[in-house]
Amino acid sequence: MKTAQEYVESIRRLKVNAFAQGKKIETPADHPLIRPSLNAVAMTYELAHDPACQHLTTATSHLTGRRINRFTNIHRDNSDLVNKVKMQRLLGQKTGTCFQRCVGMDAINAMESTTFEIDQSRGTCYHQRFKEFLKYIQDNDLVCDGAMTDPKGDRGKRPSQQADPDLFLRVVKEKPDGIVVRGAKCHQTGALNSHEILVMPTMAMKPEDADYAVSFAVPSDTPGILYILGRQASDTRKMEGGTIDVGNVRFGGQECLVIFEDVFVPWERVFLFRETEFAGTLVERFAGYHRQSYGGCKVGVGDVLIGAIANLMDYQGISNASHARDKLVEMIHLNETLYACGLACSTEGKATASGTYLIDLLLANICKLNVTRFPYEIARLAEDLAGGLMVTLPSEADLRNPATGPYMEKYLQGVCGTATECRLRMLRLVENITIGAAAVAYRTESMHGAGPPQAMKVVIGRQADLDHKKGLAKTLAGIES
Ligand code: SF4
Ligand code: FE
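Residues numbered from 1 in each chain as written. Chains lettered and ligands numbered in written order. Predicted model: local features only at pLDDT ≥ 70, side-chain atom pairs only at ≥ 80, totals over all residues. Heavy atoms only, no water.

**Some remarks on the overall build of the chain**
Inference 1: Helices and strands together make up the secondary structure of the chain, namely 17 helices and 14 strands.
Inference 2: Principal-axis analysis of the C-alpha atoms gives the chain an extent of 75 × 70 × 50 Å.
Inference 3: Within the chain, the proportion of its 481 residues that are buried is 56%.
Inference 4: Of the contacts formed within the chain by residues at least 6 apart in sequence, a portion of 78% connects residues at least 24 apart. (Helix = DSSP H or I, 4+ residues; strand = E, 2+ residues; numbered from the N terminus. Buried < 20%, exposed > 50% of the residue type's maximum accessible area, 1.4 Å probe, protein only. Contact = heavy atoms within 4.5 Å.)

In structure tokens, the structure reads:
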């Protein structure tokens, strides 16, 4: 397993074609807008070497029997699924943001079982190819960017009906040694902090969409791939050099728009090619795993937010106010409910045909549907308790300026004996998570990451077995069906 430092060096060596704020970035790893997100991924390496949590952060490879980072593991029983969620909560607590590595973990697990089933049905050889790729990822302890979301253009039209055929990523050429693909993937979590990109279709496909039913993996610095870094609220605070206004002094998330301009993929890295009937399975499993993930990571970030509010209550002298305590307990209740869902879908998971464990899809979607709501309520309560100063506070530079700093110290102080700066730092952390740069990891991310609420409702409606429930009611009502 790589150390955090080895990981950072390995990313620094990549020759990616990346842009941020209108400029080409030569070494993303050292860019102030990107470095906090790299630090967050590095924590997934650091904790794998910490004896105190290795039972969560490492696993045993079912391919080689070697100890590996859990982010490269294939879940082989329910405890793997449970430990994944516990690890994600821990990392959310340690970073207070999105640590980005879960998309790849969720993608390899979805691919592992789906390629097995494609081969069983079609006599193809995707599973063996995929296992070779997986072994490479495990042996080298790599970060995979799981890439699913296409731009989609006109939402009312299928991929093959779009005016511009590239609005869903597609195969544009088939060659003896591989394929050429073109298109884009949006909202790519941690793309510039990844060694590999594992591409999947964005939705179920029909036979006429065969060119769009493609899955493959390529190194992240493959020629033809272009990265455009996404903006975040208040992101340029990361370039100011201070440590207060950023809210989170070390960590941040990252999302990119990733363009594939005629990228060549050798056959040994192609895991789905025109088998349209399996695109839906792949999407459902990846989305299911990622909806489970939110029952861990969002809870960990929620823990940080709750802790920040509890500190502010101390600093501001409202720790014993019953209404404030009640709101804090409400935040805890909502946060732990999300965790309960993440654990429930894991303990109820079952083996797929390949032996890999899949979460209970109904419960995983319930988990994520709650995540589209509860963090908003938690954030609302946090803003209520934090007070308006969170959004009217002068800058760190004003605090440091002798002409203004002493007035800020005097008039923004809280409980006697508490340093004003502590109060300001805590307010900035709450701002960061609720409406600042970390909204990409908590607030808006809770709505759209792993799919918007309607996507969960579609699966819940399908998985709920309404006929069974109707039968129960008819039996008790004395109706023979
Ligand atoms: Fe992991 Fe959560 Fe970030 Fe997704 S949003 S990559 S589950 S930390
Ligand atoms: Fe996400």
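**A look at the packing of aromatic side chains**
Inference 1: All told, the structure shown has eight aromatic pairs when counted by the stated rule.
Inference 2: Where Phe71 meets Phe99, the ring centres are 6.3 Å apart and the plane angle is 75°; that geometry is what we call edge-to-face. In this pair, Phe71 sits in the loop between β4 (67–69) and α4 (78–95) while Phe99 sits in the loop between α4 and α5 (102–122), placing the two residues 28 residues apart along the sequence. Phe99 shares its class with Phe71; the two are buried.
Inference 3: Put simply, the rings of Phe130, Phe133 and Phe271 touch in pairs and so form one group of aromatic residues.
Inference 4: It is Arg89 that lies over the ring of Tyr339; its NZ or CZ is 4.3 Å from the centre.
Inference 5: If you follow Lys298 out to its NZ or CZ, it ends over the ring of Tyr294, 4.1 Å from the centre. (Phe/Tyr/Trp six-rings, centres within 6.5 Å; stacked < 30°, edge-to-face > 60°. Lys NZ or Arg CZ within 6 Å of the ring centre and 35° of its normal.)

**Points about the pattern of salt bridges**
Inference 1: Across all of its chains, the model carries 33 salt bridges by this definition.
Inference 2: Ionic contacts of the salt-bridge type, sharing partners, join the residues Glu9, Arg12, Asp30 and Arg35 into one network. (Salt bridge = Lys/Arg side-chain N within 4 Å of Asp/Glu carboxyl O.)

**Things to note about the coordination of the iron ion (ligand 2)**
Inference 1: Within the protein, the atoms that donate to the iron ion (ligand 2) are Tyr294 (OH) and Glu445 (OE), at distances of 2.2 to 2.4 Å. Taken together, the residues Tyr294 in helix α7 (residues 279–316) and Glu445 in helix α15 (residues 443–448) connect sequence positions 151 residues apart. The exposure classification of Tyr294 matches that of Glu445, with both residues buried. (Donors = N, O, S within 2.8 Å, 3.2 Å for Na, K, Ca; no water.)

**Some remarks on the site of ligand 1**
Inference 1: Ligand 1 sits among Cys98, Phe99, Gln100, Cys102, Thr189, His290, Ser293, Tyr294, Cys297, Lys298 and Glu445.
Inference 2: Among the elements that make up the shell around ligand 1, the one with the highest residue count is α7 (five residues).
Inference 3: Each residue belonging to the shell around ligand 1 can be placed in one class, and the counts come to five nonpolar, four polar and two charged. (Near = heavy atom within 4 Å. Nonpolar A, V, L, I, M, F, W, Y, C, P; charged D, E, K, R; others polar.)

**A few points about unusual backbone geometry**
Inference 1: Although it is not a glycine, Gln21 adopts a positive phi angle of roughly 50°.
Inference 2: Examined against the element boundaries, Gln21 turns out to sit in the loop between β1 (17–20) and β2 (23–25).
Inference 3: For Asp141, which is not glycine, the phi dihedral falls at a positive 55°.
Inference 4: For Asp141, the position within the fold is in the loop between α6 (126–140) and β5 (144–147).
Inference 5: With a relative accessible area of 2%, Asp141 lands in the buried category.

**Let's talk about the sheet that holds strand β9 (residues 214–219)**
Inference 1: Pairing is mixed in the open sheet, where four strands are placed in the order β5-β8-β9-β12. The outermost strands of the open sheet, each flanked by one partner alone, are β5 and β12 (270–273). Taking the axes of each pair of neighbouring strands and ignoring which way they run, one obtains an average angle of 15° across the sheet.
Inference 2: Sheet strands touched by α6: β5, β8 (196–199), β9 and β12. Its angle to β12, the strand with the most contacts, is close to 145°. (Pairing = 2+ DSSP bridges. Axes fitted to C-alpha atoms, helices over the stretch in contact; angles between N-to-C directions.)

**Structural notes on empty space enclosed by the protein**
Inference 1: This structure, assessed with the given rule, holds seven cavities of 30 Å³ or more.
Inference 2: For the largest cavity, the calculated volume is near 80 Å³.
Inference 3: What lines the largest cavity is Ser234, Arg237, Lys238, Asp245, Val246, Arg428, Glu431, Asn432, Gly436 and Ala437.
Inference 4: Of the residues that constitute the lining of the largest cavity, the class distribution is two nonpolar, three polar and five charged.
Inference 5: Class assignment for the residues of the lining of the second largest cavity results in three nonpolar, five polar and three charged. (1 Å grid on protein atoms, 1.4 Å probe; cavity = no way out; pocket = protein on both sides within 12 Å on 5 of 7 lines; lining within 4 Å. Points joined across faces, edges and corners; volume = space filled by probe spheres on them.)

**Points about helix α16 (residues 453–463)**
In an α-helix there are 3.6 residues to a turn, and that puts residues three or four apart on one side.
Inference 1: Listing the buried residues of α16 in full gives Met456, Val459 and Ile460. Seen end-on, α16 carries its buried residues on one side only, within an arc spanning 100°. Across from the buried face of α16, at angles greater than 90 degrees, the exposed residues are Gln454, Gly461 and Arg462.
Inference 2: In this fold, the buried residues of α16 make contact with α7 and α9 (361–371).
Inference 3: Backbone geometry just after α16 places Asp465 at a positive phi near 50°. (Arc of directions from axis to C-beta.)

**Overview of the layout of surface pockets**
Inference 1: The space that makes up the second largest pocket amounts to roughly 160 Å³.
Inference 2: Lining the second largest pocket are 13 residues, with Pro36, Lys238, Gly242, Val246 and Val249 sitting closest to its centre.
Inference 3: Its residues assigned to classes, the lining of the second largest pocket comprises five nonpolar, five polar and three charged.

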